[in-house]
Amino acid sequence: MRKNIVAGNWKMNKTLQEGLALATELNAALANVTPNCDVVIGTPFIHLASITAAIDTNKIGVAAENCADKKSGAYTGEVSAEMVASTGAKYVILGHSERRAYYGETSAILKDKVALALENGLTPIFCIGEVLEEREAGKHFDVVKTQIEEALFNLSAEDFGKIILAYEPVWAIGTGKTATPEQAQEMHAFIRKTIADKYGKEVADNTSILYGGSCNAGNAKELFSNPDVDGGLIGGASLKADSFMTIINAF
Ligand code: PGA
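Per chain, residues are indexed from 1 in the order of the written sequence. Where local features are concerned, this predicted model is filtered to residues with pLDDT of at least 70; where side-chain atom pairs are given and counted, the filter is 80 or more; whole-chain, interface and lining totals use all residues. With hydrogens and water set aside, each side-chain value is computed from the structure's full complement of heavy atoms.

**Some details on the overall build of the protein chain**
- What counts as a helix is a DSSP run of H or I of at least four residues, what counts as a strand is a run of E of at least two, and both are numbered from the N terminus. Tallying secondary structure elements over the protein chain gives 12 helices and 8 strands in all.
- Relative to its length of 251 residues, the protein chain is compact, with a C-alpha radius of gyration of 17 Å against a globular reference of 18 Å.
- Its C-alpha atoms give the protein chain principal-axis dimensions of about 45 × 45 × 35 Å.
- In the protein chain, which comprises 251 residues, the share counted as buried stands at 52%.
- In this description, contact between two residues means that some pair of their heavy atoms is separated by no more than 4.5 Å. Expressed as a percentage of contacts within the protein chain between residues at least 6 apart in sequence, the contacts between residues at least 24 apart total 72%.
- Here the Shrake-Rupley method, with its probe set to 1.4 Å, supplies the accessible areas, and only the displayed protein chains count as covering residues. Carbon and sulfur atoms provide 51% of the accessible area of the protein chain, an area that totals close to 11100 Å².
- For the purpose of charge, His is not counted, nor are the chain termini; Lys and Arg are scored as positive and Asp and Glu as negative. The atom standing in for a charge is NZ when the residue is Lys, CZ when it is Arg, CG when it is Asp and CD when it is Glu. Separation between the mean location of the 23 positive side-chain charges and that of the 31 negative ones in the protein chain comes to 1 Å. Throughout, radius of gyration means the C-alpha value; the globule benchmark is 2.2 Å times the number of residues raised to the power 0.38. Note on classification: 1.4 Å probe, protein chains only; a residue is buried when its accessible area is under 20% of the maximum for its type, exposed when over 50%, partly exposed between these limits.

**Side note on the environment of histidine 188**
- Turning to its location among the elements, histidine 188 is positioned in helix H9 (residues 181-199).
- Histidine 188 sits 41 residues away from valine 229 along the chain, and the two C-alpha atoms are 6.5 Å apart.
- From its side chain, histidine 188 meets the backbone oxygen of isoleucine 209 in a polar contact 3.4 Å long. Each polar contact in these results corresponds to two N or O atoms within 3.5 Å; when the atoms are within protein, one needs to be able to donate a hydrogen and the other to accept it, and residues that are neighboring in sequence are counted only if both atoms are side-chain atoms.

**A few points about the site of the ligand**
- One heavy atom suffices: a residue is near a molecule or strand as soon as one of its heavy atoms comes within 4 Å of it. Surrounding the ligand, one finds 13 residues, the nearest of these being Lys11, His96, Glu168, Gly174 and Ser214.
- Within the side chain of asparagine 9, one N or O atom sits 3.4 Å away from an oxygen atom of the ligand.
- Gly counts as polar in this scheme, as do all residues outside two lists: the nonpolar Ala, Val, Leu, Ile, Met, Phe, Trp, Tyr, Cys and Pro, and the charged Asp, Glu, Lys and Arg. Residues that form the shell around the ligand fall into these classes: 4 nonpolar, 7 polar and 2 charged.

**With respect to the UniProt feature "active site" (unreviewed entry) in the protein chain**
- UniProt positions are given in the numbering used here, feature names are shortened, and annotations may be inferred rather than shown by experiment. UniProt feature "active site" (unreviewed entry): in the numbering of this structure it lies at His96 and Glu168. Spatially, the listed residues are clustered: although they cover 73 residues, their C-alpha atoms lie within 8.4 Å of one another.
- Here histidine 96 lies in the loop between strand S4 (91-94) and helix H4 (97-102).
- Of the residues examined, histidine 96 reaches a relative accessible area of 4% and is grouped as buried.
- Apart from the residues within four sequence positions on either side, histidine 96 is in contact with Asn9, Lys11, Cys127, Glu168 and Ile173.

**Quick word on the UniProt feature "binding site: substrate" (unreviewed entry) in the protein chain**
- As recorded in UniProt, the sites labelled "binding site: substrate" (unreviewed entry) are Asn9, Trp10, Lys11, Gly174, Ser214, Gly235 and Gly236. The named residues occupy 228 residues along the chain; their greatest pairwise C-alpha distance, 13.8 Å, places them in one compact cluster.
- Within the fold, glycine 174 resides in the loop between strand S6 (164-167) and H9.
- Inspection of the secondary structure puts glycine 236 in the loop between strand S8 (231-234) and helix H12 (241-248).

**Quick word on the environment of threonine 76**
- Position of threonine 76 relative to the elements: it lies in the loop between strand S3 (60-64) and helix H3 (81-86).
- Looking at threonine 76, the relative accessible area reads 83%, which means it is exposed.
- Residues threonine 76 and lysine 14, spaced 62 residues apart in sequence, show a C-alpha to C-alpha distance of 23 Å.

**Topic: the pattern of salt bridges**
- The rule for a salt bridge is simple: a side-chain nitrogen of Lys or Arg has to be within 4 Å of a carboxyl oxygen of Asp or Glu. Summed over all chains, the structure comprises 14 salt bridges.
- The salt bridge involving arginine 2 is made with aspartate 228; its shortest N-O contact spans 4.0 Å. Taken together, the residues span a long stretch of sequence, with arginine 2 in the segment before strand S1 (5-9) and aspartate 228 in the loop between helix H11 (220-224) and S8 at a distance of 226 residues. Across the pair, aspartate 228 and arginine 2 agree in class, each one buried.
- With a closest N to O distance of 2.7 Å, arginine 135 and glutamate 130 form a salt bridge. A single burial state applies to arginine 135 and to glutamate 130, both of which are buried.
- Beyond isolated ion pairs, a larger network of salt bridges with shared partners links Arg2, Arg192, Asp228 and Asp230.

**So, the packing of helix H1 (residues 16-30) against H12**
- All axes here are fitted lines through C-alpha atoms, helices being fitted over the stretch that makes contact, and every angle between N-to-C directions spans 0 to 180 degrees. At a minimum axis separation of 10 Å, H1 and H12 run at an interaxial angle of 40 degrees. With respect to each other, H1 and H12 are oriented oblique. Crossing hand, H1 versus H12: right-handed. Contact residues: Leu22, Glu25, Leu26, Ala29 and Leu30 in H1; Ala241, Phe244 and Met245 in H12.
- In terms of residue class, the contact of H1 with H12 is built from 7 nonpolar, no polar and 1 charged. Note on angle classes: values under 35 degrees are labelled roughly parallel, values over 145 roughly antiparallel, values of 65 to 115 roughly perpendicular, and the remainder oblique. The crossing is said to be left-handed when, going from far helix to near helix, the turn is anticlockwise and less than a right angle, and right-handed when the turn is clockwise.

Put into structure tokens, the structure is as follows:
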């Protein structure tokens with residue numbers, strides 16, 4: 001059966017020293033407990049190697065927040081999936097709405113990133129979600145379905161089974177305006193049905209679908225109590241050990 005997962009997304013926050021301090025604090029907080037979910041932290045590229053060396057990666061998985069859509073070569077400033085994997089990171093966040101909106105990441109690009117991530121043994125945490133105008137126009141289900149179809153439905157059932165999805169309504173990210181538990185459940189159930197229609201019920205039932213967008217220590221429990229919400233992708237509230245731990249303990 002699918003896993004519950006709480007994943008942090010630090011975005012472009014924390015120096016190497018600050019990041020190491022937070023990761024070590026989380027590592028200590030989790031040392032003598034077994035949470036009822038997998039724990040992942042998504043950090044900037046430059047933190048990855050130091051953090052994987054400093055923590056128990058069996059307890060806390062480490063994620064990059066992006067990887068290149070090319071294997072290797074003359075792509076100045078890019079970081080490949082193979083390089084990410086070589087740091088000891090086991091996950092990569094792909095298709096975050098900030099990457100889509102500010103860095104022009106299209107489904108075609110994301111499809112290549114997903115393929116390279118999988119080739120290199122990384123687990124993609126693949127983000128999908130509509131903007132406010134799309135929800136207000138009643139198009140949110142279509143938008144999310146298209147995002148999944150275009151970037152992921154070329155995968156074999158076996159490879160699709162390696163994907164973690166994160167539903168992040170763009171209007172809820174960093175705004176303090178969380179989706180209601182009903183809105184989250186409704187969309188997560190729709191996503192699961194979309195997967196079932198393509199790959200069958202077993203694959204759909206085994207796919208972890210996380211909620212992201214102003215999920216915090218105060219609302220995580222209610223969001224996670226929905227049958228199709230399998231955890232969270234946490235931005236702002238993952239930047240402090242105590243709030244992130246409270247979210248982990250919501251399971
Ligand atoms: P937030 O970000 O929790 O700060 O809203 C979530 C995300 O963008 O993954």
